[in-house]
Structure formats: structure tokens, C-alpha cells
Amino acid sequence: MYYQIRASAWSLIRRVKQRRVSSNPVVWQSTGVGVRRSFTTTEGHRPTIVHKRSLDILHDPWFNKGTAFSMTERDRLDLRGLLPPNVMSSEQQIERFMADLKRLEVHARDGPSDTNALAKWRILNRLHDRNETMYYKVLIANIEEYAPIVYTPTVGLVCQNYSGLFRRPRGMYFSAEDRGEMMSMVYNWPADQVDMIVVTDGSRILGLGDLGVHGIGIAIGKLDLYVAAAGINPQRVLPVMIDVGTNNEKLLKDPLYLGLQEHRLDGDEYLAVIDEFMEAVFTRWPHVIVQFEDFQSKWAFKLLQRYRNTYRMFNDDVQGTAGVAIAGLLGAVRAQGRPMIDFPKQKIVVAGAGSAGIGVLNTARKTMARMLGNNETAFKSAGSQFWVVDANGLITDERQNIDPDALPFARKIKEIHRQGLREGASLVEVVQQVKPDVLLGLSAVGGLFSKEVLEALKGSTSTRPAIFAMSNPTKNAECTPEEAFSIVGDNIIFASGSPFKDVNLGNGHIGHCNQGNNMYLFPGIGLGTLLSGSRIISDDMLQAAAECLAAYMTEEEVLKGIIYPSISSIRDITKEVAAAVIKEAIEEGLAEGYRGMDARELQKLSQEEIREYVKNNMWSPDYPTVVYKKD
Ligand SMILES: NC(=O)C1=CN([C@@H]2O[C@H](COP(=O)(O)OP(=O)(O)OC[C@H]3O[C@@H](n4cnc5c(N)ncnc54)[C@H](O)[C@@H]3O)[C@@H](O)[C@H]2O)C=CC1
Ligand SMILES: CC(=O)C(=O)O
Ligand SMILES: [Mg+2]
């Protein structure tokens, strides 16, 4: 009932807003809001006429008050949603600025390496604010050097320090306070076309936990890669923070925190906020793709199931990570000199049963089952290749209150006893007894692959054990490549979520450090979905993306231990992944076309023509012609 009433109110608001946009931008058509007052401020008794709205005001240093705009001002000047929800006094703004400045001074004297990364981020961010074309030109040309600044690991540090780093807002903020307003708020965003949204609720940012509203940094970083790697037009991306509160006690007590200072909404109240957001963005931009990022596991799976058959959306941590891990796992099989089809024989120990770990486990099991005949027996048999360890040790069917998502991977207690293990066995014990081919970490616990665990892995029955220390950022990696190569041996395969340098093994040998990060897939999944016009993102589209990434590596490379490509070729990889996603969408009959390329035309394209189509639709950072001259 409430929904129906709101829906009709929303469509009215939409019609009125559309009229406003298409008519004289200065004159406010009556919406029942005080017309004259919305253009005036009352500083010093002399009203100032503001002939601007929305982002134009925030980007105008003369009128901008940033987080100090009151809620009334935000409503009347179309600013609602364009700023973090906490209204600050000018004294608080100055305090925040000074705290940040002082912190940098202290760091500059002591000179830790983090400061350099943050300083680089600030310089790049200022360029981003000033000149987008130049920013992306710099980023694309130097992606290997600057991806670690705009993305993991530095983006983690940026989110942790966002209160101090915040200058100009970027993206939109929908808060629990905006319930009932979102359908109207989406029209405060100036772009009529939005292709990609990356949304987070800030509840699990990388391996850093609940960072509340400051998590917007990760959505911005991911979208930087969408532009740099996938060539999505930067005018058509939208980072979004849904602020439903925070359970981070430090932020709840911080007077300078930019978000809602209340505990997170939960249950139906939480769902109602996310539902309203989804309805609002898909109403204004029906063709948008929404990437869910860094939602705590509890909600990551539920939201994915809730929306994946209705909206064009995916969860990067669950689905993007799974694809990247599969590509790496298949690479690790090939690196042993064995065919990919031997994958179902691999014994895999996974540390971490959250959104990422379970996502990887589900996909790895399905991939094995497909290779074994794609039937019930194959699926059952594939399940016995995994041992899952979480914060409470090895997961078995004896586990009390087991998370339903982890349940399919709980080992049978009898079988586990036969292997000399028990419910809750430690990671060292599991590695000692199982002697796995692969040890994969998505636990967010830095150093979890301790000396003892790595020593135990020396007993692996594999000719080339593989270690995936996938947690981010750098400090949260389960081990470093130096530790892995020095303890387990020169012959291992190593991948980490955040970038590390290759290891010099002496005698001219290099221990290759691969970056196993979902950045190799999410840009291509988004671009492929956009250009195919698929209404949903199917499992097979995701599988096609993963297989494409796996096939990208040559035999020679994998035998050298290089199982992921260099980030310097990310634009090319993304083009290939997007083409594979489009091809799969066409085959499944999901592709509805994009702009001039309708579904029928798409079906006629050869593989090479699909690649060409993708390439031609990738934005490049060239200045547009703004003035035409006849001579
Ligand atoms: N490389 C990549 O592309 C990606 C990496 N990640 C990383 O994966 C990590 C985990 O992400 P989520 O699964 O979403 O987090 P989560 O918080 O949902 O899950 C963490 C899991 O680790 C387990 N865990 C905690 N302490 C442990 C211990 N001592 N031993 C074994 N397991 C332990 C927890 O019980 C839980 O099951 C994060 O650091 C994130 O940055 C996530 C997505 C992509
Ligand atoms: C890479 C990524 O998505 C994460 O660490 O959450
Ligand atoms: Mg993530």
C-alpha cells in the first residue's frame, strides 16, 4: 500500500523534474516548494541569487559550502544525495581539514611509505576534479603504476582516512534518512545517461571491516577501473554509497564522521532501503548495470538472490572473485604440466567462508562437476575436493549454527575422522593432513599463512603447490611472496589480491607474483553486459568471462608460473572478456542489443566482429571538439 502511494508520488515528481530539466534551467516550475527562497541564501541579511543547482553549486568555489549545506538548502538546491548525510558546521569542517593537514605533516617528517601513496592519491584526485580527460589519460598510460594508488592497496587507506581527505563530493549518497525520497533524489544527478553504478553500504571494505560512509572510496576506485580498463565513458559512471549507519564504534563516536551516526539498519528495514534505491535508479536509468561491492557476507548473498533475476546487477565479491579464482586455479593446473581437465583432481583448502570464499567454492565446485559429466554424481564427487576453514577452524557437519551458505561445504565428520581431523581443526592441522594442491586465502587475516602453515604445505602431494593469498589490502594478505617462496620452495605458484613485487630467487631465477584480483573480470563483465543489452547477468555469462581470462595465458607463460596477465594489458583483456560475455549472452538469447546494434544485428556478428564492436565502443581519453571552425 505504502509502496503504491509512493510510486504514484514518484512518477509525479519525475514528470515535474523532467519538465524542469528540459525548460529554462534557472526557472523553477512550481513543485509546491518555495520558489524564490530556493534560489536565495540569507548570509548577512543580503540575499544572494544563486543561478545554479545541483553539482554546479558544489563545483563553484563561490557558492559551495560542502558538507555545511543544511538539509533545507540541500532540498531546495537539488543537492540531496550529492553530499554525505551528516551536516557539519564550518568549525567542524575546519577541524577536519586541520586534522588531515597535521597528520600529513607528521607523516611527512617520519616518511612512512603510505604517505607517499596517499600524497599521490591526492594529486591524482585533484586532477580528477579538474580535468577528467587528462586524469584518465594519465591513469591509462601508467596503469601499472597508478592502479595501486586509485585501487587496492591505497584505496583502503583512502577509505580509512576519508573524513580528512574529503574535499569535493563524488557520486551519490542515499541514507536511511532518505527513505521515501530516493525516486526524486536520483534526478539530482546531472547525467541523463548512466551505464555503470558501483554501490556499497560500506559494511566490509576490502579486509578493513565496516568503514561506514567512508566506503564510497571503493566505489570510486572500482569505477576508475571501469573507465581505464573497459572504456566506459566517465560521464556515465556513478559511485554510490548507501548509508544505513555503521557498527564501527570508533566512527560512531567520532564528531567529524561524515555519515549517519547510528547503528546499521537490519532486517526488513535494511531491505526496504536497498529496494527503494534499486527501484529509483532503474526507473531513471533502465539500462544501467549495478555492481554490488563490499557488502558484508550476510547481505551479499541475500541481495544477489533478491535482485539477480530482475535487474542487471552482479556482486563483484561473490561472482567477480569466483571467476578470477577459477581462471587462476586452472592456470595452476596447467603450470603443473597437466591439462585443465585434471582440475577435478585438485585438493583445495580454502581459508575464509565469507562472500568471497563461498563464491569461489560454489563456482569451483560447479566447474569441476561440469568437467566430470555435469550430473548429480559429478557435483557430489566435486564437493569432496574442498576443505573449508573459517575463524572457528575446519567446517564439518558437526558445526553448530552453521551458515547456510557454507553448509554445502561442511565435511562429513566420519570421513574427516578417517583423515585424522575433527570439527574445528586448525589450518595447520588441515594442511598437514590433506597435503593440498592449493591453499587459497580469502580470510582478511594478514599473516594467516604462518611459517607453520607454509611448512606444512611443503608436504603437498602436488608437483607445484599453489598459494593464493587473495585478501586485500596488502597488510591483510595471508602471506607475502617472499615468505611463500622461501618456505615452500622456488617451484610454487603464487598469487595475491594486492600487488607485490616478483621475488628474486637467485641464480637469475624469478619467483613470479601474480595479482589475483577481480579487477581482471568486473570491467569486462560490465562492458559485455552493457553492449549485449542483456537484461540479466547469467551464470554462463560469468563462466564465459572466467574461461576467457584462463585462456588468455599462453602455455609458455603458465609454465613459468605466470597465471594472470600483467595489468598493463588490462584494456586488451577487458575487451576479450567483454566479447566473451556478449557471445554467451547472444547464445543464451539474452542479448537485446545496444543503441544502433539491435539483437538481430548482434546475432550476425562473427567472433572477430564482436571484438571490433567492443573496441569501437570503448571510450578513449581524447579531448572533444567543442568549437567548430570552418577553415
Ligand atoms: N582478490 C580479490 O579479488 C578479492 C579479495 N577479497 C578479499 O577477501 C577477504 C574476505 O572477504 P569476504 O569474504 O567478503 O569477508 P568476510 O568477512 O565475509 O569473510 C571472512 C571469512 O574469513 C574467515 N576467517 C576469519 N578469521 C579466520 C582465520 N583465522 N582462519 C580462517 N578463516 C578466518 C571468517 O570466518 C569468514 O568466513 C577480504 O580481505 C577481501 O579484501 C574479496 C573479494 C575479491
Ligand atoms: C578486490 C575486492 O573486491 C575486495 O578485496 O573486496
Ligand atoms: Mg570487493
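Residues numbered from 1 in each chain as written. Chains lettered and ligands numbered in written order. Predicted model: local features only at pLDDT ≥ 70, side-chain atom pairs only at ≥ 80, totals over all residues. Heavy atoms only, no water.

As recorded in an unreviewed UniProt entry, the protein chain goes by the name Malic enzyme, listed as coming from Ziziphus jujuba. Turning to the protein chain, the UniProt annotation filed under Catalytic activity (unreviewed entry) states: "(S)-malate + NAD(+) = pyruvate + CO2 + NADH". Taken from UniProt, the Subcellular location (unreviewed entry) comment for the protein chain reads in full: "Mitochondrion". (UniProt positions renumbered as here; feature names shortened; annotations may be inferred.)

Scanning the protein chain for helices and strands turns up 27 helices and 18 strands. A burial count over the protein chain gives 56% of its 631 residues as buried. In the protein chain, 70% of the contacts between residues at least 6 apart in sequence involve partners at least 24 apart. Put simply, the protein chain shows about 27000 Å² of open surface, and 52% of that area lies on carbon and sulfur atoms. (Helix = DSSP H or I, 4+ residues; strand = E, 2+ residues; numbered from the N terminus. Buried < 20%, exposed > 50% of the residue type's maximum accessible area, 1.4 Å probe, protein only. Contact = heavy atoms within 4.5 Å. Areas by Shrake-Rupley, 256 points an atom, 1.4 Å probe, with all protein chains shown as cover.)

Our focus in this paragraph is helix 16 (residues 355–371). Helix length check: helix 16, at 17 residues, gives a terminal C-alpha distance of 25 Å against a target of 24 Å (1.5 Å per residue), a fit within 8%. Here helix 16 lies mainly inside the structure; 12 of its 17 residues are buried. Residues of helix 16 that are buried include every one of S355, A356, G357, I358, G359, V360, L361, A364, R365, T367, M368 and A369, and no others. Directly beyond the C-terminal end of helix 16, a positive phi value near 125° is found at G373. (Expected span 1.5 Å × (residues − 1).)

Moving on: the domain arrangement of the protein chain. Domain annotation of the protein chain identifies domain 1 (2–311), domain 2 (319–516) and domain 3 (520–615). Using C-alpha coordinates to define each centre, domain 2 is positioned 27 Å away from domain 3. At the interface, 25 residues of domain 2 touch 19 residues of domain 3. Each partner contributes to the roughly 1800 Å² buried at the junction of domain 2 and domain 3, and carbon and sulfur atoms together form 57% of this total. On inspection of domain 2 and its partner domain 3, the count reaches two salt bridges. Its salt-bridge partner being D539, residue K366 comes within 3.8 Å of it at the nearest N-O pair. (Domains from an automatic or database assignment. Buried area = accessible area lost by both parts, 1.4 Å probe. Salt bridge = Lys/Arg side-chain N within 4 Å of Asp/Glu carboxyl O.)

Protein coordination at the magnesium ion (ligand 3) comes from E293 (OE), D294 (OD) and D317 (OD), with a distance range of 2.0 Å. Counting along the primary sequence, the residues that act as donors to the magnesium ion (ligand 3) give the motif E-D-x22-D. One end of the pair, E293, is in the loop between strand 6 (289–292) and helix 14 (297–307); the other, D317, is in helix 15 (residues 316–335), and 24 residues separate them in sequence. A residue is classified by how much of its surface remains accessible, and E293, at 1% relative accessible area, is buried. (Donors = N, O, S within 2.8 Å, 3.2 Å for Na, K, Ca; no water.)

Spatially, 3-5-4-6-7 is the arrangement adopted by the five strands of the open sheet, whose pairing is parallel. Here the strands that pair on one side only, and so sit at the sheet edges, are strand 3 (172–175) and strand 7 (313–315). Each neighbouring strand pair of the sheet contributes to a mean axis angle of 20°, computed without reference to strand direction. Note that strand 3 and strand 5 (residues 237–243) share four bridges and pair parallel. By the bridge assignment, M172 is partnered in strand 5 with V240. Against the sheet, helix 11 (residues 216–230) engages strand 3, strand 4 (196–200), strand 5, strand 6 and strand 7, with an angle of about 160° to strand 5. Those strands touched by helix 14 are strand 6 and strand 7, and its axis lies near 160° from that of strand 7. (Pairing = 2+ DSSP bridges. Axes fitted to C-alpha atoms, helices over the stretch in contact; angles between N-to-C directions.)

Quick look at the environment of S297 now. Structurally, S297 can be placed in helix 14. Not counting residues within four places of it along the chain, the set of residues in contact with S297 comprises G354 and S355. Polar side-chain contacts of S297 include one of 2.6 Å to the backbone nitrogen of S355. (Polar contact = N/O pair within 3.5 Å; in protein donor to acceptor, adjacent residues only side chain to side chain.)

On to unusual backbone geometry. Cis peptide bonds are those with omega within 30 degrees of zero, and the linkage from T152 to P153 qualifies with 10°. With an omega of -15°, the peptide bond between N472 and P473 qualifies as cis. Position of P473 relative to the elements: it lies in the loop between strand 12 (466–469) and helix 21 (481–488). A positive phi angle is found at N401, which is not glycine, with a value near 50°. In this structure, N401 sits in the loop between strand 10 (393–394) and helix 18 (413–418). Residue R595 is not a glycine yet carries a positive backbone phi of 50°.

Before going further, it helps to examine a nonpolar patch on the surface. Nonpolar side chains collect at one region of the surface, where I94, F97 and M98 lie side by side and expose about 280 Å² of accessible area between them. By the secondary structure assignment, I94 is in helix 4 (residues 90–110). Take I94: its relative accessible area is 54%, and that puts it in the exposed class. (Patch = residues over 30% accessible without salt bridge, like charges linked within 9 Å, V, L, I, M, F, W, Y side chains within 5 Å.)

This paragraph deals with the sheet that holds strand 9 (residues 386–390). In sheet architecture, strand pairing relies on hydrogen bonds along the backbone and comes in two forms, parallel and antiparallel. One open sheet holds the seven strands; their spatial order is 10-9-8-11-12-13-16, and the pairing between them is mixed. The sheet is open, and its two edges are formed by strand 10 and strand 16 (513–515), each paired on a single side. Bridge count for strand 8 (residues 348–351) against strand 9 is four bridges, and the pairing is parallel. What sits directly across from A351, in strand 9, is V389.

The feature "active site" (unreviewed entry), as given by UniProt, occupies Y151 and K222 in the numbering adopted here. Taken along the chain, the residues just named run across 72 residues; in space they keep tight, none of their C-alpha pairs more than 6.9 Å apart. Mapping Y151 onto the fold places it in the loop between helix 7 (143–150) and helix 8 (154–160). Here Y151 falls in the buried class, since its relative accessible area comes to 2%. Apart from residues no more than four positions distant in its own chain, Y151 is found in contact with G221, K222, L225, N517, N518, M519 and F522. Position of K222 among the secondary structure elements: in helix 11. In this view, K222 contacts Y151, V198, Q291, E293, D316, N518 and F522; residues no more than four positions away in its chain are not counted.

The subject of this paragraph is the site of ligand 2. Every residue close to ligand 2 is listed here: Y151, R204, L206, K222, E293, D294, D316, D317, N472, N517 and N518. At a separation of 2.9 Å, an oxygen atom of ligand 2 approaches a polar side-chain atom of D294. N518 is positioned such that a nitrogen or oxygen atom in its side chain is 3.0 Å from an oxygen atom of ligand 2. Considered on its own, ligand 2 offers 220 Å² of accessible surface; in the complex 91% of this is hidden by protein. Of the residues belonging to the shell around ligand 2, the class tally is two nonpolar, three polar and six charged. (Near = heavy atom within 4 Å. Nonpolar A, V, L, I, M, F, W, Y, C, P; charged D, E, K, R; others polar.)

Quick look at the packing of aromatic side chains now. Summed over the entire model, instances satisfying the criterion amount to 13 aromatic pairs. Here the aromatic rings of F485 and F494 are separated by 6.4 Å at their centres, their planes lie at 45°, and the arrangement is tilted. Among the residues examined, F485 registers a relative accessible area of 3% and is labelled buried. Under the relative-accessibility criterion, F494 is labelled buried at 0%. Through pairs of rings, three or more aromatic residues link up here, namely F282, F292, F295, Y307 and Y311. (Phe/Tyr/Trp six-rings, centres within 6.5 Å; stacked < 30°, edge-to-face > 60°.)

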